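Listed below are the residues making up each chain.
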Amino acid sequence: MVLLISMVSCAHVISRQVRKQTNPDITFEEVLENPEEYTGQMLILSGVITEIKNTKEGTILEVLQTPANFRGKPADIEESEGRYLAIVERFLDPSTYAKGRSVTVAGKILGKRIQPLGKTEYTYPFIQATEIYLWPVEKTYYPYRYYPYDYPYSSYYAFDWYYWRRSSLLHRRRIPRKFDDIDRKEPDKDKKKPRTDRKTPRGDKKKGTGGMKGTGRKKGR
């Protein structure tokens, strides 16, 4: 069962029956130079949709050609060799087949069409699509990270994964960098210190003085 699923996931998106009708020796560069020379030939092309139009003939896709991988999926768009037009006899919703979506098209070459592209006239190979595959939009998933501490710690260090792990191993809890000294004990400023300027109590002076100097009275007064 697992082997069957892996084989299906690695298969080409265009049917084998259609692929047997194609000539792998024909390149898109050759077709672009002289589309009429290859009229009637079956071709498989991949690319990115640049424009879509619904007409009386059907839906016409303007596609920026790109190289494809072993499944027919468009690869590097920077290696494009040009553009082509693919006509589909049925209606294709522009919201689904939108600009920027990746497609793989298999069909016969009908010839060429010359249309304005910007301020120039561009010669497009014109293809009657037999099969068309719209590639799903790839989604990016980010790993979930659990941070049990609320504001202000999570707001400052929401992505500080390494520091959280290091501090959790050493201190068994997360200590933010801005508050590294939060647990250091500071001297209690409100605690009363012992007085050092207290006056010496009576009797602590030299014996026989009876207290502070100059307080003894002479007899006979």
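In terms of regular secondary structure, the protein chain is built from 5 helices and 5 strands. Put simply, the protein chain runs from its N terminus to its C terminus through helices and strands in the order α-α-α-β-β-β-β-β-α-α. Split into buried and exposed, the 221 residues of the protein chain put 29% on the buried side. Excluding contacts between residues fewer than 6 apart, the proportion of contacts in the protein chain whose partners are at least 24 apart in sequence is 57%. When the accessible surface of the protein chain is summed, it comes to about 17400 Å², and 51% of that surface belongs to carbon and sulfur atoms.

As paired strands, strand β3 (residues 83-88) and strand β5 (residues 120-134) are joined by 3 bridges and run parallel to one another. Within the sheet, the bridge partner assigned to Ala86 lies in β5 and is Ile127. Sheet topology places strand β4 (residues 102-117) next to β5; 14 bridges connect them, and they run antiparallel. Across the sheet, residue Lys108 finds its bridge partner in β5, namely Gln128. Hairpin connection from β4 to β5: 2 residues lie between these consecutive antiparallel strands, with Gly118 at a positive phi of about 70°.

What follows deals with the pattern of salt bridges. Overall, the coordinates contain 4 salt bridges when judged by the stated rule. Here Glu57 makes a salt bridge to Arg113, at a shortest N to O gap of 3.0 Å. Here Glu57 is found in the loop between β1 (42-54) and β2 (59-66), whereas its partner Arg113 is found in strand β4, with 56 residues between them in sequence. Overall, Glu57 belongs to the partly exposed group, its relative accessible area being 46%. A salt bridge links Lys73 to Glu138, with the nearest nitrogen and oxygen atoms 2.2 Å apart. One end of the pair, Lys73, is in the loop between β2 and β3; the other, Glu138, is in the loop between β5 and α4 (153-156), and 65 residues separate them in sequence.

With that out of the way, let us pick up the layout of surface pockets. Considered as a void within the structure, the largest pocket measures approximately 240 Å³ in volume. Lining of the largest pocket is provided by 13 residues; of these, Pro24, Ile26, Thr27, Leu43 and Ile44 occupy positions nearest its centre. Looking at which element gives the most residues to the lining of the largest pocket, the answer is β1, with 4 residues. Of the residues that constitute the lining of the largest pocket, the class distribution is 7 nonpolar, 4 polar and 2 charged.

The next point concerns the packing of aromatic side chains. In total, this model carries 3 aromatic pairs according to the counting rule given. Here Tyr133 and Trp135 contribute two aromatic rings whose centre-to-centre distance is 4.8 Å and whose plane-to-plane angle is 80°, an arrangement assigned as edge-to-face. The partly exposed category is assigned to Tyr133, whose relative accessible area is 28%. On the basis of relative accessibility, which here comes to 7%, the residue Trp135 falls in the buried class. Above the face of the Phe126 ring, Arg113 is positioned so that its terminal group lies 4.1 Å from the ring centre.

Reading guide: rules and limits
Residues numbered from 1 in each chain as written. Predicted model: local features only at pLDDT ≥ 70, side-chain atom pairs only at ≥ 80, totals over all residues. Heavy atoms only, no water. Helix = DSSP H or I, 4+ residues; strand = E, 2+ residues; numbered from the N terminus. Buried < 20%, exposed > 50% of the residue type's maximum accessible area, 1.4 Å probe, protein only. Contact = heavy atoms within 4.5 Å. Areas by Shrake-Rupley, 256 points an atom, 1.4 Å probe, with all protein chains shown as cover. Pairing = 2+ DSSP bridges. Salt bridge = Lys/Arg side-chain N within 4 Å of Asp/Glu carboxyl O. 1 Å grid on protein atoms, 1.4 Å probe; cavity = no way out; pocket = protein on both sides within 12 Å on 5 of 7 lines; lining within 4 Å. Points joined across faces, edges and corners; volume = space filled by probe spheres on them. Nonpolar A, V, L, I, M, F, W, Y, C, P; charged D, E, K, R; others polar. Phe/Tyr/Trp six-rings, centres within 6.5 Å; stacked < 30°, edge-to-face > 60°. Lys NZ or Arg CZ within 6 Å of the ring centre and 35° of its normal.

Geometry only, nothing functional implied.
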